Every structure is written in C-alpha cells, then in structure tokens.
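# Observations on chain architecture
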Amino acid sequence: MSTAVRNLGPATALTCRECGESYDLGPHYACEQCFGPLEVSYDYSQVSRERIESGPRNIWRYRDLLPVPAGVIETPNTEPGFTRLVRADNLAESLGVRSLWVKDDSGNPTHSFKDRVVAVALAAARELGFKVLACPSTGNLANAVAAAAARAGIRSAVFVPSDLEQQKIVTTAVYGGTFVTVDGNYDDVNRLASEIAGEQDDWAFVNVNVRPYYAEGSKTIGYEVAEQLGWRLPDQIVVPIASGSQLTKIDKAFQELIKLGLVEDKPYKVFGAQATGCSPVAAAFKAGHDAVRPVKPDTIAKSLAIGNPADGPYVLDAVRRTGGAIEDVSDEEVVDSIGLLARTEGIFGETAGGVTLGSLRKLLSSGVLDPGAETVFINSGDGLKTLDAVAPVAKPSANIAPSFDAFRKAGLV
Ligand SMILES: *Cc1c(COP(=O)(O)O)cnc(C)c1O
C-alpha cells in the first residue's frame, strides 16, 4: 500500500506502549523493536468544550480527539454514540447505593458499543487505503462491521465461531457481505484472522491490523459519560472486559479530559467485570499477578468470551493505578442481574450487561465498591441479541381463554 502522508485529523503518530518507539501514522499495529502494541498520539490544540458541544449528537462531536479525517462527518457512516446515560434511581434504591447511572450502549445503530470502534476503524482504514472491512468477532463486532461496510458501500468479511447465538448470526448475515462461521472458539478465529491479514494486505481487520485506530473509538464512552454528567467524572465506573480495550480506553479518555482541563482533576476508580467462565483478567487481579494466563471460555456471556485478552495487562495497570478491582460472576448471577436491570429500570441488557451489573453487586456486597460514591456502569449491548440466556426465566404470567372468568381464575387481580 502507498505510504502517502495521512490525514487523520489530530492524530500525529503511533507510539509503542512498551518501549515508547514512535512511528508515522500508517497501517501498523505492532512495534518493530519489541512487538508491543501501538497507541495513537495527538495534537490536542483544537480541543475545546465549545467545539465539542457544537458538534453532532454522535461520536463525531469528539473528532478533535479521534484518529479520523476532519471530513468524517460528511462521509456515509452509521453515526453511533451519544447513547443515553440513565439515572438508575430504582436500581440504586434496591442495591442501597446513593447515586447510580447506566450508560446504555444498546442504543447504538447495531445495538452494542461496537459501532463506536468500527466507525473510527472504518474512517481510518479508508484514509490508509484499505479496501475491505474485516474482523474476527464474538458477534457484536460482526454486526457492526457488516452494517458499517454496507452503509459505506464497501465489502465486508466477517469471521465468527460457528456456535454463536442465532440472533447474532442473523443480524450479521442480513447486511450482506462475506460472512464465514468457523468451527473453533474466538481465539481460534482470531488466529485465523491474523493469518488472513498477513496475506490480504488491503483487508482492514478492524481489531487486528488497524487495532490502534479501532481501539480509540472506545474513548467516546468516557467522553460522553463526563459530558452527560455535566463535564465531570464519576467516582466509580464498572466496565465489562473482553479483550480489555474498552476499559483501558475509558480510563484514557478520563485522563485526557483531566489533562485538557475539560473536567476537574479528581480521583476516580475503574472496576472490571468478567464472567467466571472466562475470567483470566479477574483471576490475575485476584492473584496479584501482572501477566494474564489464557483460559478456554465457557460462559453464556459470549460477547465477552475472549480467553486470551490482548489488553489484559493494561487493564490490570489501569484498575490498580486508580484503586479499582476486578470481579467475576457465574452465569446464574448474569441472568439474575439481567432481570434486575429490566425490572427496576426498563432496560433489557445483553449478557455482558448482566456480567457488569452482577460484578457491581458483588463488589458492593464485599465492601469494595463504595455505596456512597457516584457510580456509573456500562450496559454494552442489547438483550434482544442474547434471548436464549433469559428465555427459561422470562415467561408470561399466565395463558388463559379469552374470557373475564378465565382471567379471574388465573389469580392475577
Ligand atoms: C466487545 C464487547 C465488550 C468488550 O470489549 P473489549 O474487547 O473489552 O473492548 C463489552 N460488551 C459487549 C457487548 C461487547 O460486544
């Protein structure tokens, strides 16, 4: 591919997270010196509250903080973001918490937070000269890539484990594009994607060879939480962990906002959430280890089922630095928390939301999370995509003949 000068807005370079080596913006994702992951660096001189607030009500209002061309607003894209921050008073009361908010990312175009990262990856990938938008996925990313590519009028190529939820198969296939199910788990699919990326050099695997750009999209959750709270940071935030990217980028967003003076500099704690059946980062945290030992996932929370999380060590850094913690919950606790969120706040979260609320509850009862501090947790996806998880417990109250007598006999009045 060409090595022409890139116009990626405020982005200035790629910097190795391990050794600090710096690279020109381009289709690079690993350091040539030490193989460490690359991170986007910026010129923040354009950033101001006024410019953000006068922008569109989607992630592009933060384009001065993202590696995308200035013209991104005019190019066809799914326009994700600016999802609701819901004040969860009923849930707070039932948990005995003073102030609780749900960042409800099920409101994105394909009903999960993945639309954010894909929109940023697509904008960068086009500028870098890629022709195909691709990914290995646990489901939500597949939806987001297929939809974004359709809207942009380019080809998509999506690879998923063949045992994925039927809902996520259908909601990917419907957008057209190349869609391959693979007999293996996510980590197998991910390895295959890296192999294909090595052969097809005009394919942008959003979470592999354009990962440094993709990952920056998750910062927008952090910016939105701060802006929606009236330009201030919460005391505590609870975030689900799959690869760990979302958690580290919410932390990066909060740090940027502090550094830029857009919010008051105050301490905040970042907490991580995993399903016990795939909890390599929680296990490392609890054992006091710096390295994350890969596991074979076995949980209903398939969107979080990454056994070898790329950003695991950086999650541990962020959580320990801020004084947070990482918890994990059983599949039963996941289902129970999906129900609690639905009954108290009218929000139907997917299994990842159940993992996050379940972990929040466990951190509360163990005294790690402060019930008196302002807390935000992320519902990162829509329950309609993981119906099987709750179908056994979410049933009608009764089935009756169409008569008042039958209704009375059902004992519901
Ligand atoms: C992908 C995903 C996450 C977490 O992603 P990271 O890889 O940790 O950034 C959380 N929730 C849902 C619903 C997801 O699809």
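Here the structure is a predicted model, which is why all the values come from computation and not from measurement. (Residues numbered from 1 in each chain as written. Predicted model: local features only at pLDDT ≥ 70, side-chain atom pairs only at ≥ 80, totals over all residues. Heavy atoms only, no water.)

## What about the sheet that holds strand β1 (residues 11-16)?
- Strand order across the open sheet formed by three strands is β2-β1-β3, with antiparallel pairing between neighbours. The sheet is open, and its two borders are formed by β2 (22-23) and β3 (38-42), each paired with just one other strand.
- Sheet topology places β1 next to β3; five bridges connect them, and they run antiparallel. When the sheet's bridge partners are listed, Ala 11 is paired in β3 with Tyr 42. (Pairing = 2+ DSSP bridges. Helix = DSSP H or I, 4+ residues; strand = E, 2+ residues; numbered from the N terminus.)

## Details of the site of the ligand
- As a matter of local geometry, the ligand sits amid 15 residues, with Lys 114, Ser 243, Gly 244, Gln 246 and Ser 380 nearest to it.
- Between the ligand and Asn 140, the relevant distance is 2.8 Å, taken from an oxygen atom to a side-chain nitrogen or oxygen of the residue.
- At 2.6 Å, a side-chain N or O of Ser 380 approaches a nitrogen atom of the ligand.
- In isolation the ligand exposes 390 Å². Once the protein is present, 97% of that is buried.
- Judged by its atoms lying within 2 Å of the grid points, the ligand is housed in the largest pocket.
- Residues of the shell around the ligand, tallied by class, amount to six nonpolar, seven polar and two charged. (Near = heavy atom within 4 Å. Polar contact = N/O pair within 3.5 Å; in protein donor to acceptor, adjacent residues only side chain to side chain. Areas by Shrake-Rupley, 256 points an atom, 1.4 Å probe, with all protein chains shown as cover. 1 Å grid on protein atoms, 1.4 Å probe; cavity = no way out; pocket = protein on both sides within 12 Å on 5 of 7 lines; lining within 4 Å. Sits in = over half its atoms within 2 Å of the grid points. Nonpolar A, V, L, I, M, F, W, Y, C, P; charged D, E, K, R; others polar.)

## Looking at the state of the cysteines
- Taken as a whole, this structure holds zero disulfides when the rule is applied.
- Cysteine Cys 34 shares no disulfide, and the gap to the nearest cysteine sulfur, in Cys 16, comes to 3.5 Å.
- In this structure Cys 135 is a free cysteine whose sulfur lies 18 Å from that of Cys 278, the closest cysteine sulfur available.
- For Cys 135, a relative accessible area of 0% translates into the label buried. (Disulfide = S-S within 2.5 Å. Buried < 20%, exposed > 50% of the residue type's maximum accessible area, 1.4 Å probe, protein only.)

## What to know about the pattern of salt bridges
- According to the stated counting rule, one finds 28 salt bridges in the structure shown.
- As a salt-bridge pair, Arg 61 and Glu 227 come within 2.6 Å of each other at their nearest N and O atoms. Here Glu 227 lies in helix α8 (residues 219-228) and Arg 61 lies in the loop between α1 (49-53) and β4 (85-87), a separation of 166 residues in the sequence. Taken individually, Arg 61 and Glu 227 each receive the classification buried, so the pair is uniform in this respect.
- Between Arg 408 and Asp 405 there is a salt bridge whose closest N-O contact spans 2.5 Å. Highlighted residues: Arg 408 and Asp 405, both in helix α15 (residues 404-409), separated by three residues, approximately one helical turn.
- Assessed through its relative accessible area of 46%, Arg 408 is described here as partly exposed. (Salt bridge = Lys/Arg side-chain N within 4 Å of Asp/Glu carboxyl O.)

## Let's talk about empty space enclosed by the protein
- Taken as a whole, this structure holds one cavity of 30 Å³ or more when the rule is applied.
- What lines the largest cavity is Leu 122, Ala 125, Arg 126, Phe 130, Lys 131, Val 132, Leu 133 and Ile 154.
- Listed by contribution, the elements that provide at least two residues to the lining of the largest cavity are α3 (114-127) and β6 (132-136).
- Ranked by the residues each element gives to the lining of the largest cavity, the list is headed by α3, at three residues.
- Within the lining of the largest cavity, the residues separate by chemical class into six nonpolar, no polar and two charged. (Points joined across faces, edges and corners; volume = space filled by probe spheres on them.)

## Re the pairing of strand β8 (residues 178-182)
- The pairing of strand β7 (residues 155-161) with β8 spans five bridges and is classified as parallel. Opposite Pro 161, over in β8, you have Val 182 as the bridge partner.

## Regarding the pairing of strand β10 (residues 236-240)
- The buried fraction of β10 is high, at five of five residues.
- On β10, burial covers both faces: Gln 236, Val 238 and Pro 240 on one face and Ile 237 and Val 239 on the other are all buried.
- Of the pairings in the sheet, the one linking β10 to strand β11 (residues 269-275) comprises five bridges and is parallel in character. Note that in β11 the partner of Val 238 across the bridge is Phe 271.
- The handedness of the β10 to β11 crossover, carried by helix α9 (residues 245-259), is right-handed.
- One ladder, built from three bridges, connects β10 with strand β13 (residues 374-379); its direction is parallel. (Right-handed = clockwise from strand over helix to strand, strands pointing away.)

## Some points on the sheet that holds β13
- Spatially, the six strands line up as an open sheet ordered β4-β5-β13-β10-β11-β12, and their pairing is mixed. Among the strands making up the open sheet, the edge pair consists of β4 and β12 (326-329). Pairs of neighbouring strands in the sheet enclose a mean axial angle of 25°, with direction left out of account.
- Sheet contacts for helix α10 (residues 280-287): β11 and β12; angle to β12, the most-contacted strand, approximately 130°. (Axes fitted to C-alpha atoms, helices over the stretch in contact; angles between N-to-C directions. Contact = heavy atoms within 4.5 Å.)

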